[in-house]
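# Breakdown of the fold
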Amino acid sequence: MAPRGSDATARADDGGPGGESQILRDLLASIAAGDRAAFTRLYDLTSSRIYGLAVRVVRDRHYAEEVVQEAYLQYWQRATDYEPARGSVITWMMTIAHRRAVDRVRTENMQAEKMSEYGVRSAEPEAAQNLPLEAVVRSAEVSAVRTCLGHLTDLQRGSLELSYFGGLTYPEVAARTDTPLPTTKSRMRDGLRRLRSCLDAQEGR
């Protein structure tokens, strides 16, 4: 979701009484009632600012776009939670976006740490090709991992190998496979679930 709107419209909280601050309050009230046109207008007025905040926190354009998508979904779902007495609409929006961005940074850092630990344990050339995925496999035997990887679709297996063995981010895997990012994420989640189920079954034989 790319940000829209000019610098003028992005300064959505600069107006005084009757200005754009009031416009945002009115739009949010309409959104709370399910008005999709009001939601589109809110996005046009504020997305540049929300995107700018996300970029500053996550320092990655693709992840920032995801944060913006998640934040606006939350604005739509939680419009009724806004309380004017606790601050302006744009402040409320930026607080939510900042939390989403911080959560994303923490998640990516945790994944990077896990991958780093995995790399240390699989330093030998042959092991680097065969050891299991850190997040799923734990102590499963190599033969079981090979068997279960063979149960995945070619696309699932290829995407997981690019991410966990090749060290690529989700956006990079999406670009390498010429696949939309949401599809890539869904494919990898499904692949991990199938791999986990297969390994559990192997251990229970």
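What this report covers is the structure whose coordinates are included nearby. (Residues numbered from 1 in each chain as written. Predicted model: local features only at pLDDT ≥ 70, side-chain atom pairs only at ≥ 80, totals over all residues. Heavy atoms only, no water.)

By size, the foremost hydrophobic cluster in this structure holds 31 residues, and its most contacted members are Leu 28, Ile 50, Tyr 72, Tyr 75 and Met 93. Among the elements of the structure, helix H2 (20-32), helix H3 (36-58), helix H4 (61-77) and helix H5 (89-121) are those that each provide at least two residues to this core. Among the elements that line this core, the one with the most residues is H3, at 10 residues. Excluding residues that lie within four positions of it along the chain, Met 93 makes contacts with Leu 42, Thr 46, Ile 50, Tyr 72 and Tyr 75. Leu 168, Met 188, Cys 198 and Leu 199 belong to the second largest nonpolar core, which has 11 residues in total. (Core = buried A, V, L, I, M, F, W, Y, C linked by side-chain atoms within 4.5 Å. Buried < 20%, exposed > 50% of the residue type's maximum accessible area, 1.4 Å probe, protein only. Helix = DSSP H or I, 4+ residues; strand = E, 2+ residues; numbered from the N terminus. Contact = heavy atoms within 4.5 Å.)

At a minimum axis distance of 9 Å, the contact between H3 and H4 shows a crossing angle of 140°. By the angle between their directions, the pair H3 and H4 is classed as oblique. In terms of crossing hand, the pair formed by H3 and H4 is right-handed. Note on element contacts: H4 touches H3 through Arg 61, Tyr 63, Ala 64, Glu 65, Val 67, Val 68, Tyr 72, Tyr 75 and Trp 76, opposite Arg 36, Phe 39, Leu 42, Tyr 43, Thr 46, Ser 47, Ile 50, Tyr 51, Ala 54, Val 55 and Val 58. Of the residues in the contact of H3 with H4, the class split is 15 nonpolar, 2 polar and 3 charged. (Axes fitted to C-alpha atoms, helices over the stretch in contact; angles between N-to-C directions. Parallel < 35°, antiparallel > 145°, perpendicular 65-115°, else oblique. Left-handed = near helix turned anticlockwise from the far one by under 90°. Nonpolar A, V, L, I, M, F, W, Y, C, P; charged D, E, K, R; others polar.)

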